[in-house]
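Reading the structure
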Amino acid sequence: MEPTLEEKLAVASELILQAPPGEVNDVFNDVRPIVGDDSEIEQGLLPALTQYNIEQFTLVELPNAKMPAMICPGARVELSSNETRYLDPRSSQTFVFDHLRLCAMDVLPFTPENEEIEKIRLELDAEAEQYVQDHFHGGIWSVFSQNKTPPESLTQPKAEKQIELSEPNTNPSAEATETGAGNMSPGENETEENLEVAIDSKSTAETVTNDECMNKEEVLNKPAEENNILDSSTAKFQLYIVGSKYNPGNYWTGRWRSVYEIDMSTAKIEGHINVNVHYYEQGNVQLATQHQPSIDLISAPANAAQVMKAIQQTESTFQNGLNAAYLNLGDNTFKQLRRALPVTKQKANWNNMRSKIVFNDEN
């Protein structure tokens, strides 16, 4: 039974998501014969390419930017419309990314709304720059604030209330007649009961007004977190680091990806590290490993220097563990994959072994 186009696209999408670092274009060209329909392959594989670019922290060049921007979950700026933009905090620009052609479009300036949070973000960015340049070959980093909001220029303006103005009444006496007050002179039909009702209404209005003022004072006197007012001490940030190295001449590629959720108020850091290496000379061998560190700093609230020092120690420990495992690979791991002795539990004496050929003699 011939598979349907949807089934072919599903298989091709899985292959793209498993593409090694720097080889997604080769995989894309290889899956073309699987789909067979070039008119459907681009749109059919676009969701897989989008997911791959975001997960692999794909880089893209921007105008007026000294370094490439990173396509990652923290860079997404969700708008009220269906359009998805990405933020480059280093150059203060947002853009639309073409996941098929790997280019940026519709680049617009971006202005942070909270200066205090932006100040802390810049401190983290400076510390991350020093760390990445010292430990990564061609590494790129980005620091995002989790409290970022799209600028007003990118969002749709709110609909203003429309007030319908009624035409001026040219016959005041008619209006007074309709309301029942046109033929009433001042003081006429006014009783003590009506006067008491008027006084009660006035006191009720004053009470409501005083309550509203008290509520406003309570709101102003509440802590910032209760009023949903963003405080710099409660800010949360995301740090993304990616380092890629391609050596197709020697048949290997590799990529290091790490992301950290940083809570400055509680001094806690939650991280996720992914390392992928592909070696394909006369074979196909891949290393895929990950590590999820959880870091608790000594003092809270934390500062940028403490955060980056803790991240450096964590990643150095993880890398040293990988190096130790690699050195142990040839001496122990590979030998454990083979039997030291055959099933008979005895070594074979190859020098004394003789083979006999038996012929069926019909005579």
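Keep in mind that this is a model prediction, so the values were computed, not measured.

**Observations regarding the overall build of the chain**
The secondary structure content of the chain amounts to eight helices and 12 strands. Burial analysis of the chain (363 residues in total) assigns 30% to the buried set. Taking all contacts inside the chain whose residues are at least 6 apart in sequence as the whole, residues at least 24 apart take part in 56%. Roughly 25,400 Å² of accessible area belongs to the chain as shown, and the carbon and sulfur atoms make up 50% of that amount.

**Here's the deal with unusual backbone geometry**
One non-glycine residue, Ser92, adopts positive backbone phi at about 55°. With respect to the helices and strands, Ser92 occurs in the loop between strand 4 (84–88) and strand 5 (93–98). Notably, Ala267 is not glycine yet its phi reads approximately 60°, a positive angle. Following the sequence through the fold, Ala267 ends up in the loop between strand 9 (252–263) and strand 10 (268–279). Accessibility expressed as a relative area gives 2% for Ala267, which makes it buried.

**Looking at helix 5 (residues 115–135)**
In a regular helix each residue adds 1.5 Å, so 21 residues correspond to 30 Å; helix 5 covers 30 Å between its end C-alpha atoms and thus fits that length. Among the residues of helix 5, Ile117, Glu118, Ile120, Arg121, Leu124, Asp125, Ala128, Tyr131 and Val132 are the ones counted as buried. On an axial view of helix 5, the arc spanned by its buried residues comes to 150°, and they lie on one face. For helix 5, the exposed residues lying more than 90 degrees away from the buried face are Glu115, Lys119 and Gln133. Where helix 5 starts, the residue carrying a side-chain oxygen 3.0 Å from the main-chain nitrogen of Glu116 turns out to be Asn114.

**Examining the pairing of strand 4**
Of all five residues in strand 4, four are buried, a share of seventy percent or more. Taken together, the three bridges between strand 3 (residues 76–78) and strand 4 define a ladder with antiparallel strand orientation. Along strand 4, the bridge assignment pairs Glu78 with Thr84. Here strand 4 pairs with strand 5 via three bridges, running antiparallel. Counterpart to Tyr86 in the pairing with strand 5 is Phe95. Linking strand 4 to strand 5, which pair antiparallel, is a turn of four residues; within it Ser92 sits at a positive phi near 55°.

**Details of the sheet that holds strand 5**
An order of 3-4-5-6 is seen for the four strands of this open sheet, with the pairing classed as antiparallel. Sheet topology places strand 3 and strand 6 (103–109) at the edges, where each strand pairs with a single neighbour. Across the sheet, the mean angle separating the axes of adjacent strands is 40° when strand polarity is ignored.

**Regarding the layout of surface pockets**
What the largest pocket holds in volume is close to 990 Å³. Considering the residues around the largest pocket, the lining is formed by 27 residues, among which Val275, Val277, Leu287, Leu322 and Asn323 are closest to the centre. Secondary-structure elements contributing two or more residues to the lining of the largest pocket are helix 5, strand 8 (236–247), strand 9, strand 10, strand 11 (285–291) and helix 8 (304–336). Its residues assigned to classes, the lining of the largest pocket shows 14 nonpolar, 10 polar and three charged. Its boundaries defined by the atoms lining it, the second largest pocket holds a volume of some 360 Å³. Forming the walls of the second largest pocket are 18 residues, and the residues nearest its centre are Thr58, Leu59, Ser244, Tyr246 and Arg255.

Criteria and thresholds
Residues numbered from 1 in each chain as written. Predicted model: local features only at pLDDT ≥ 70, side-chain atom pairs only at ≥ 80, totals over all residues. Heavy atoms only, no water. Helix = DSSP H or I, 4+ residues; strand = E, 2+ residues; numbered from the N terminus. Buried < 20%, exposed > 50% of the residue type's maximum accessible area, 1.4 Å probe, protein only. Contact = heavy atoms within 4.5 Å. Areas by Shrake-Rupley, 256 points an atom, 1.4 Å probe, with all protein chains shown as cover. Expected span 1.5 Å × (residues − 1). Arc of directions from axis to C-beta. Polar contact = N/O pair within 3.5 Å; in protein donor to acceptor, adjacent residues only side chain to side chain. Pairing = 2+ DSSP bridges. Axes fitted to C-alpha atoms, helices over the stretch in contact; angles between N-to-C directions. 1 Å grid on protein atoms, 1.4 Å probe; cavity = no way out; pocket = protein on both sides within 12 Å on 5 of 7 lines; lining within 4 Å. Points joined across faces, edges and corners; volume = space filled by probe spheres on them. Nonpolar A, V, L, I, M, F, W, Y, C, P; charged D, E, K, R; others polar.

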